[in-house]
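Examining the three-dimensional arrangement
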Amino acid sequence: MATATAAPREDLAKVRAAEVGPLRRWAPLIGVVLIVLYCLAPFYWMVVSAFRRPADQFSNKVIPAPFSIQNFKDVFSGSNGFGRGLLNSLIVAGTVTILTLVIGLIAAYTLARLDFKFKNVVLAIIITTSMFPGISLVVPLLKLFVDIKWINTYQAMIVPSLSFALPLAVWNLTAFFRQMPQELEQAAMVDGCTPAQAFRKVIIPLAAPGVFTTAIITFIAAWNEFLIALSMTNKKSIQTANVIISQFTGTTGRDQPFGSQMAAGVVVTIPLVIAVLLFQRRIVAGLTAGGVK
Amino acid sequence: MTATAPVAERPAKEPKQPKRQQRFNEGTGRLAAMLLSPTMLVLGLVVLFPIISALRESLYTSGTKLDENGFIVKGSTFVGLQNYTDIFKGEIGDRFWNAFYNTTFFTVICVVLETVLGVVMALIMHKAFKGRGVVRASILVPWAIPTVISALLWKWIFQADGIANDLLGTQILWSTEGWQSKMSVILADTWKTAPFIGLLVLAGLQTIPAEVYEAAKVDGASVWKTFTRITLPLVKPALLVAVLFRILDTLRIFDLPFVLVGPHKDSVETLSMLAYDEAFNTRYGPAAAYATVLFVYVAVVAYAFVKILGADVIGEARAKKPGGGGKGRRKKREIEEAPGVAMGAAAGGGGV
């Protein structure tokens, strides 16, 4: 009898597996392989092209035959100021992330915890602002920044970037705060904390994963920004990596220097890809905010 | 002795009780206003102010001009609605309608392709038990690559003697004017965002309880019927919001055609590119007019989408009203997922 009660589940699984047949059992796996290929093949092509010798640039072999890092050397040695561009990207995206988190954290906590009259209006306003087309913000700001001599400054890139980063961060953080039980603060307040202390000493440490995920997502969004960075600058020394790569002239001139552009693309993308691989679970949870749990 | 005095005073204080309660509510409102003010202030400065000043700007024209006495006038002059009427006339009109058509074309084709592909991907991922981690990681790669880099990457792939022509056995000059450059933009955009829609739909799929499917099986529903009658209606809220954000994102498409094909190409010029071009040449008046037209277009599409299809962007509104406070919150969790998905979709767009 003991075997009879333990076995059914396994048996059932076997029966089901036999029922669906080999095609339907393998179909999802084949589908998975196709999806992975679809997502990674173009990226792989970028990496492969970057590791070719500039002379073999137009070779279409799947593996770079004589492996070479010449393209990477070109990217950093030439007069294109790519290294400086990376630093500028880091400064702009980093500042945007920090500013957004500091400002957005308080707003998100308020929206998640306090009950007040125009809460839905505020939520609607915040989500609406993220729908506005970037160009309709950039055109008037460009004229303003020309007038107040902000062109070619970091703040000219940082301030407009808040328009998409702040709503993003507020929404993400609001979702995280909502998932935390309200009893946490109540317990803290019973123990004699003021609401502000409860927020600082209990909520912030517990919300760290959420804040961290929001930071990554915001940073990636700011790091990938192009239109603002392109419009607000015209000097190489202040441009971000994205803008500089798009305007590469290369060391040989004439043709578009795809080899060094691919190498630069790899340099810009690899940190993001590593971050994505390391924190994929968190990022997915952050992007779908609650849907996964 | 001392106790009598407070007792005597008490009746006098009692009527004030309800007022105190009101004041408590007011206090919450004021606290909320105070805590929200930094965010609202920043958004007002970087979003509301530019929109209004674009409206104002679009009524002026800048640059040097001659007035009726032959004197050179510098700076901007008020021209009323001339910037707008110019948009729809003659050569400028042709350029505008072309950009308008391209923008709409890209939006419709890309969003349809991405949605179908994304849903298919989500269904596969939902069925697969092996290799989920690998898929999830690889699906995030196109999302994490900056649009500019992916544009360059696809430009390289679509090079005259590039890998695309090599694999297809064709000799197409992809980045020249014509249908092929449109195709390349659509392909690149779909590659970058379809997996992402898949990710969001997958999150929606995972909230559907298995019992629902078992019940359908017991009732003898076919695979197709199960999909159209159960899966689609249940992922619809998440899907609609994701699609809405993709639509709004593609309507403002700039980076991809700008880098992949280039500026001043009729085949791929979008409204954002047109406005950028005008602003780049310091014709702020017309640029602001184009930007405002795009803004209105986006607003109309968003409004129509929400009204007609009932996309619940602020799931909060529905979740809060019946519950009326913290207690209803947990029950309504499913509905509240929508805004999170929404922002995910917005994040996916990045700088497209």
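Rules and cut-offs
Residues numbered from 1 in each chain as written. Chains lettered and ligands numbered in written order. Predicted model: local features only at pLDDT ≥ 70, side-chain atom pairs only at ≥ 80, totals over all residues. Helix = DSSP H or I, 4+ residues; strand = E, 2+ residues; numbered from the N terminus. Buried ≥ 20, exposed ≤ 12 C-beta atoms within 10 Å, placed from the backbone. Contact = placed C-beta atoms within 7 Å. UniProt positions renumbered as here; feature names shortened; annotations may be inferred. Core = buried A, V, L, I, M, F, W, Y, C linked by C-beta atoms within 7 Å. Domains from an automatic or database assignment. Nonpolar A, V, L, I, M, F, W, Y, C, P; charged D, E, K, R; others polar. pLDDT = per-residue confidence, 0-100. Axes fitted to C-alpha atoms, helices over the stretch in contact; angles between N-to-C directions. Parallel < 35°, antiparallel > 145°, perpendicular 65-115°, else oblique.

Let us look at the overall build of chain A. Across its full length, chain A holds 12 helices and 0 strands. Ordering the α and β elements of chain A from the N terminus gives α-α-α-α-α-α-α-α-α-α-α-α. Out of the 293 residues belonging to chain A, those deemed buried represent 45%.

A few words now on the overall build of chain B. Tallying secondary structure elements over chain B gives 16 helices and 4 strands in all. Here chain B holds 352 residues, and 43% of them are scored as buried. Across chain B, contacts joining residues at least 24 apart in sequence account for 69% of those joining residues at least 6 apart.

Quick look at the UniProt feature "domain: ABC transmembrane type-1" (unreviewed entry) in chain B now. Under the feature "domain: ABC transmembrane type-1" (unreviewed entry), the UniProt entry names residues 100-305 of chain B. Helix makes up 78% of residues 100-305 of chain B and strand 0%, and the two end C-alpha atoms of the span are 19 Å apart.

So, about the nonpolar core. In this structure, Val 139 of chain A together with Val 201, Ala 275 and Ala 291 of chain B are the most contacted members of the largest nonpolar core, which totals 166 residues. The biggest single contributor to this core is helix α6 (residues 154-179) of chain A, with 16 residues. Among the domains, domain 1 (2-70) and domain 2 (81-247) of chain A are the pair contributing at least three residues each to this core. Ignoring sequence-local partners within four residues, the contact set of Val 201 of chain B consists of Gly 118, Val 119, Ala 122, Val 235, Ala 238 and Leu 239 of chain B.

The subject of this paragraph is helix α6 (residues 147-157) of chain B. Counted residue by residue, α6 of chain B has 11 buried out of 11 residues, so it is predominantly covered. Among the residues of α6 of chain B, Thr 147, Val 148, Ile 149, Ser 150, Ala 151, Leu 152, Leu 153, Trp 154, Lys 155, Trp 156 and Ile 157 of chain B are the ones counted as buried.

Another point: the domain arrangement of chain A. Along its sequence, chain A is carved into domain 1 (2-70) and domain 2 (81-247). Measuring from the centre of the C-alpha atoms in domain 1 of chain A to the corresponding centre in domain 2 of chain A gives 36 Å.

Across the contact, 87 residues belong to chain A and 93 residues belong to chain B. Broken down by element, the side of chain A that touches chain B gets its largest block of residues, 13 residues, from helix α1 (residues 2-50) of chain A. When grouped by side-chain class, the residues that make up the side of chain A that touches chain B number 58 nonpolar, 24 polar and 5 charged.

Next up on the list: the UniProt feature "transmembrane region" (unreviewed entry) in chain B. Residue and element names in this part refer to chain B. Feature annotation in UniProt places "transmembrane region" (unreviewed entry) on residues 31-52, 105-125, 137-157, 193-213, 234-254 and 287-306, given in this structure's numbering. End C-alpha atoms of residues 105-125 are separated by 30 Å, and the span's content is 100% helix alongside 0% strand. Note that residues 287-306 is 100% helix and 0% strand, and that its end C-alpha atoms are spaced 28 Å apart.

Per-chain confidence: chain A averages 83 in pLDDT, with 88% of residues scoring 70 or above. Of the regions scoring below 50 in pLDDT, residues 1-6 of chain A engages in 0 contacts with residues more than four places distant in sequence or in other chains.

Here we come to unusual backbone geometry. Unlike most non-glycine residues, Asn 152 of chain A shows phi in positive territory, near 65°. Within the secondary structure, Asn 152 of chain A sits in the loop between α5 (134-147) and α6. Of the residues examined, Asn 152 of chain A has 16 C-beta atoms within 10 Å and is grouped as partly exposed. Look at Thr 282 of chain B: it is not a glycine, yet its phi comes out positive at around 55°. Structurally, the position occupied by Thr 282 of chain B is in the loop between α12 (271-280) and α13 (284-309).

Let us look at the UniProt feature "transmembrane region" (unreviewed entry) in chain A. Sites flagged by UniProt as "transmembrane region" (unreviewed entry) map to residues 26-47, 86-109, 121-142, 154-177, 198-223 and 258-279 of chain A. Helix makes up 100% of residues 86-109 of chain A and strand 0%. Its end C-alpha atoms lie 33 Å apart.

Here we take up the packing of helix α8 (residues 195-223) of chain A against helix α12 (residues 280-288) of chain A. Residues and elements named next belong to chain A. Between α8 and α12, the least distance of the axes is 9 Å, while the angle of their chain directions is 85°. Judged by the angle between their axes, α8 and α12 are roughly perpendicular. Where α8 abuts α12, its residues Pro 209, Thr 213, Thr 214, Ile 216 and Ile 217 lie against Arg 282, Ile 283, Ala 285, Gly 286 and Leu 287. In terms of residue class, the contact of α8 with α12 is made up of 6 nonpolar, 3 polar and 1 charged.

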